[in-house]
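Coordinate analysis (summary)
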Amino acid sequence: MGYIVLNDGGFVRAERVLTIGRADSAAMRRLLASLPRGKIVNLTGGRRRQAVIVLDTGHAVVCAVSPDELHEQLAALGPGAGREG
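Before going into details, it helps to say that this report is about the structure given with it. (Residues numbered from 1 in each chain as written. Predicted model: local features only at pLDDT ≥ 70, side-chain atom pairs only at ≥ 80, totals over all residues. Heavy atoms only, no water.)

Now for the overall build of the chain. When you go through the chain residue by residue, the secondary structure sums to 2 helices and 6 strands. Sequence-ordered secondary structure for the chain, helices as α and strands as β, is β-β-β-α-β-β-β-α. Each of the three principal axes of the chain carries a C-alpha extent, and together these read 30 × 25 × 20 Å. Every one of the 85 residues in the chain was classed for burial, and the buried ones make up 33%. Partitioning the contacts of the chain with sequence separation of at least 6, the portion at a separation of at least 24 is 48%. Within the structure as shown, the chain displays about 5,200 Å² of accessible surface, and the carbon and sulfur contribution to it stands at 52%. Across the chain, the 11 positively charged side chains and the 8 negatively charged ones have centroids separated by 11 Å. (Helix = DSSP H or I, 4+ residues; strand = E, 2+ residues; numbered from the N terminus. Buried < 20%, exposed > 50% of the residue type's maximum accessible area, 1.4 Å probe, protein only. Contact = heavy atoms within 4.5 Å. Areas by Shrake-Rupley, 256 points an atom, 1.4 Å probe, with all protein chains shown as cover. Lys, Arg positive; Asp, Glu negative; His and termini not counted. Charge placed at Lys NZ, Arg CZ, Asp CG, Glu CD.)

Ranked by internal contacts, the top residues of the largest apolar core, which has 13 residues, are I4, L6, V17, I53, C63 and L70. At the level of elements, β1 (3-6), β5 (51-55), β6 (60-63) and α2 (67-77) are the ones that each hand at least two residues to this core. Here this core gets 3 residues from one element, more than from any other, and that element is β5. The contact partners of L6, leaving out residues within four places of it in the chain, are V12, L43, I53, V61, C63, V65 and L70. By size, the runner-up hydrophobic cluster in this structure holds 7 residues, among which are M28, V52, A60 and V62. (Core = buried A, V, L, I, M, F, W, Y, C linked by side-chain atoms within 4.5 Å.)

A few words now on the sheet that holds β6. Ordered by their spatial adjacency, 4 strands build an open sheet running β3-β5-β6-β4, and the pairing between neighbours is mixed. The outermost strands of the open sheet, each flanked by one partner alone, are β3 (17-22) and β4 (40-43). Recorded for the sheet is a direction-independent mean angle of 20 degrees between the axes of neighbouring strands. Strands β3, β4, β5 and β6 of the sheet are contacted by helix α1 (residues 26-34), whose axis makes an angle of about 55 degrees with β5. Where α2 meets the sheet, its contacts fall on β3, β5 and β6, and the angle it forms with β3 comes to roughly 150 degrees. (Pairing = 2+ DSSP bridges. Axes fitted to C-alpha atoms, helices over the stretch in contact; angles between N-to-C directions.)

What follows is about the pattern of salt bridges. Side-chain pairing between opposite charges can occur once the charged atoms of the two side chains come close. Within this structure, the stated rule accounts for 3 salt bridges. Where E15 meets R13, a salt bridge forms, and the shortest distance between an N and an O atom there is 3.4 Å. Taking the relative accessible area as the measure of exposure, R13 reaches 33% and is therefore partly exposed. With a shortest N-O distance of 2.8 Å, D24 and R22 are connected by a salt bridge. (Salt bridge = Lys/Arg side-chain N within 4 Å of Asp/Glu carboxyl O.)

Before going further, it helps to spend a moment on the side chain of T44. Residue position: T44 is located in the loop between β4 and β5. On the accessibility criterion, T44 (8% relative accessible area) is buried. Within the structure, T44 has its side chain in polar contact with the side chain of N42 (distance 2.7 Å). For T44, the residues in contact, after removing those within four places along its chain, are N7, R49, V62, C63 and A64. (Polar contact = N/O pair within 3.5 Å; in protein donor to acceptor, adjacent residues only side chain to side chain.)

Dropping the structure here:
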């Protein structure tokens, strides 16, 4: 069981990640606008949002870590860490 580190003490289980997208993309903005407030988790710590992580629970995690950094963390955890599809 691996975790992705999100800034100041925030963690997400790698097994729960469905997709990672840029927060400024139109698709992610539409997704965030369509979700109820209770399904959005803000882990930016007051910094500019860079990525949105969509989880298998239907939650979206907004974070200040770049999608590239998140991808590198997932890749470092190995092939069994994320969802294999």
